[in-house]
Amino acid sequence: MNRAAELDAYFERVGNARYAGHLRNEVNLLDRTNAKKMSDLLSEHPTIQLLGGVVLDDPDTSNHHIFATRSPVAGQVLFLSHDGDTRIVFASLDEFVDAAERAVNEGRWLTDLHPLCSPLTPDQKGLAELIRHLCLGNGDEDTALELIPSLDLSDVDLLEYLAAAPNFFLAEAVAVEIAKRPRKDLLSVAELCSAHPHPQAASAGNEAVRAIRKGFVAGPNA
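A brief look at the structure comes next. (Residues numbered from 1 in each chain as written. Predicted model: local features only at pLDDT ≥ 70, side-chain atom pairs only at ≥ 80, totals over all residues. Heavy atoms only, no water.)

1. Some details on the packing of aromatic side chains
Quick reminder of the rule: Stacked, tilted and edge-to-face are the three classes assigned to paired rings of Phe, Tyr and Trp, where Trp is represented by its six-membered ring and a pair needs centres within 6.5 Å; plane angles under 30 degrees give stacked, over 60 edge-to-face, the rest tilted.
For the coordinates displayed, the defined rule picks out four aromatic pairs. What links up through ring pairs into an aromatic cluster is the set Tyr 10, Phe 11, Phe 90 and Phe 96.

Right, here's the structure in full:
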């Protein structure tokens with residue numbers, strides 16, 4: 001996929017300032033020139049560096065939507081949150097602009113239109129390898145935390161490693177995702193999170209266990 005062509009089409013779509021200045025809706029999409037300026041300004045941020053990020057907006061909230069140009073999440077849009085809830089929120093630039101348009105038309109905040117679950121990254125193998133790399137002293141565990149929501153939760157070895165990690169935020173992040181997408185085969189991972197020595201991770205693990213066991217009771221057709 002040609003990311004430059006994707007950006008060309010994106011900036012052509014937003015270049016008429018139709019999606020600029022709607023601060024009450026958290027919508028202020030940047031044109032190409034200002035996106036470059038903002039990207040240069042934030043170029044030292046580790047997440048932007050790792051993902052080859054292009055800053056797409058400036059809603060005057062210290063938060064930004066970022067287009068990833070590098071694998072394994074290339075082509076997707078990440079929400080870079082000052083408060084720490086950073087994750088992929090849109091699978092494409094088109095989805096991002098559609099959400100911005102909907103926010104303006106419906107009088108809503110753009111962040112309210114972020115999906116509960118992040119879109120899954122097509123390159124799951126590459127994503128798992130990157131998270132492992134970041135967590136093994138080769139990078140930034142904070143960035144790994146931002147990528148965990150994009151996992152399809154099929155790499156149980158990775159999930160078990162994260163669930164038992166000394167950094168309790170990693171275990172908590174895994175548990176949160178399991179609670180959002182509970183599956184019977186993830187019960188052992190959820191229980192591992194619930195046994196974490198840090199109470200915050202353990203609490204999230206307990207929620208994941210409850211979500212899975214609720215599915216047992218409700219059954220597949222509930």
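2. Topic: the pairing of strand β2 (residues 64–67)
Which entries qualify depends on this criterion: Summary of the burial criterion: residues with accessible area below 20% of their type's maximum are buried, those above 50% are exposed, and those between are partly exposed, where the area comes from a 1.4 Å probe applied to protein chains only. Each helix corresponds to a stretch of at least 4 residues labelled H or I by DSSP, and each strand to a stretch of at least 2 residues labelled E; elements are numbered beginning at the N terminus. DSSP calls a pair of strands paired once it identifies at least 2 bridges connecting them.
Residues His 64 and Ile 66 point to one face of β2 and His 65 and Phe 67 to the other, with burial holding for every one of them. As judged from the two bridges shared by strand β1 (residues 54–55) and β2, these two strands associate in the antiparallel manner. The residue bridging Val 54 from the neighbouring strand is Phe 67, located in β2. Bridge count for β2 against strand β3 (residues 77–80) is four bridges, and the pairing is antiparallel. Along β3, the bridge assignment pairs His 65 with Phe 79.

3. Quick notes on helix α7 (residues 156–163)
This is how the line gets drawn: Arc definition: directions from the helix axis to the C-beta atoms.
Turning to α7, its buried residues number three or more, namely Leu 158, Leu 159, Leu 162 and Ala 163. Down the axis of α7, the smallest arc covering the buried residues is 135°, so these residues share one side.

4. Some details on the sheet that holds β3
Definition in use: In this analysis, two residues are considered to be in contact whenever any of their non-hydrogen atoms come within 4.5 Å of each other. Here an angle of 0 to 180 degrees is reported between the N-to-C directions of two axes, which are lines fitted to C-alpha atoms, with helices fitted over the stretch in contact.
Read across the sheet, four strands follow the order β1-β2-β3-β4 without closing on themselves; strand pairing throughout is antiparallel. Of all the strands in the sheet, the pair left with one neighbour each is β1 and β4 (87–90). Strands in contact with helix α4 (residues 93–106) are β2, β3 and β4; relative to β4, the strand with the most contacts, it is inclined by about 70°.

5. A look at the environment of Phe 79
Of note, Phe 79 is situated in strand β3. The buried category is assigned to Phe 79, whose relative accessible area is 10%. A sequence separation of 16 residues divides Phe 79 from Glu 95, and the C-alpha atoms of the two residues are 13 Å apart. The residues contacting Phe 79, other than those within four sequence positions of it, are Asn 63, His 64, His 65, Asp 85, Thr 86, Arg 87, Val 89, Thr 111 and His 114.

6. As for the side chain of Asp 57
Just so we agree on the cut-off: Think of it this way: Lys and Arg go in the positive column, Asp and Glu in the negative one, and His and the chain ends go nowhere. Here a salt bridge means any side-chain nitrogen of Lys or Arg lying within 4 Å of a carboxyl oxygen belonging to Asp or Glu. Two N or O atoms form a polar contact when they lie within 3.5 Å of each other; inside protein one atom must be a possible hydrogen donor and the other a possible acceptor, and for residues adjacent in sequence the pair counts only when both atoms belong to side chains.
Inspection of the secondary structure puts Asp 57 in the loop between β1 and β2. Despite being buried, Asp 57 has no salt bridge partner; Arg 87 is the closest side chain of opposite charge, sitting 14 Å away. Among the polar contacts listed, one links the side chain of Asp 57 to the backbone nitrogen of His 65, at a separation of 2.7 Å. For Asp 57, the residues in contact, after removing those within four places along its chain, are Asn 28, Leu 29, Leu 30, His 64, His 65 and Phe 96.

7. As for unusual backbone geometry
That bond from Ser 71 to Pro 72 is cis: its omega, 10°, falls within 30 degrees of zero. Of note, the phi angle at Glu 26 is positive, near 65°, even though the residue is not glycine. Mapped onto the elements of the fold, Glu 26 is located in the loop between α1 (3–14) and α2 (32–41). The backbone of Asp 60 shows a phi angle near 65°, a positive value even though the residue is not glycine. Tracing the backbone shows Asp 60 in the loop between β1 and β2.

8. Digging into the nonpolar core
Condition: Only buried residues count toward a nonpolar core. Its members are Ala, Val, Leu, Ile, Met, Phe, Trp, Tyr and Cys residues joined through side-chain atoms within 4.5 Å.
Tyr 10, Leu 29, Phe 96, Ile 131, Ile 148 and Ile 178 are the most contacted members of the largest nonpolar core, which has 65 residues in total. When residues no more than four places from it in sequence are discounted, the contact partners of Phe 96 are Tyr 10, Leu 29, Leu 56, Asp 57, His 65, Val 77, Phe 90 and Leu 110.

9. Regarding α4
Filter applied, for reference: Multiplying 1.5 Å by the helix residue count minus one yields the expected span of that helix.
Here α4 spans 20 Å end to end across 14 residues, near enough to the 20 Å set by a 1.5 Å rise per residue. Among the residues making up α4, those that are buried are Leu 93, Phe 96, Val 97, Ala 99, Ala 100 and Ala 103. Projection of α4 onto a plane perpendicular to its axis shows the buried side chains occupying an angular sector of 160°, all on one side. Close packing links the buried residues of α4 with α1, β2, β3 and β4.

10. Some points on the pattern of salt bridges
Per the counting criterion, the structure on display carries 15 salt bridges. Here Arg 102 ties to Glu 106 by a salt bridge, and the two come within 3.1 Å at their closest N and O atoms. Remark: Glu 106 and Arg 102 occur in helix α4; sequence separation between them is four residues, near one turn of the helix. Salt bridges here are not isolated pairs; linked through shared partners, they connect Arg 13, Arg 18, Asp 94, Asp 98 and Glu 101.

Remember that the coordinates give geometry; whether it matters functionally is a separate question.
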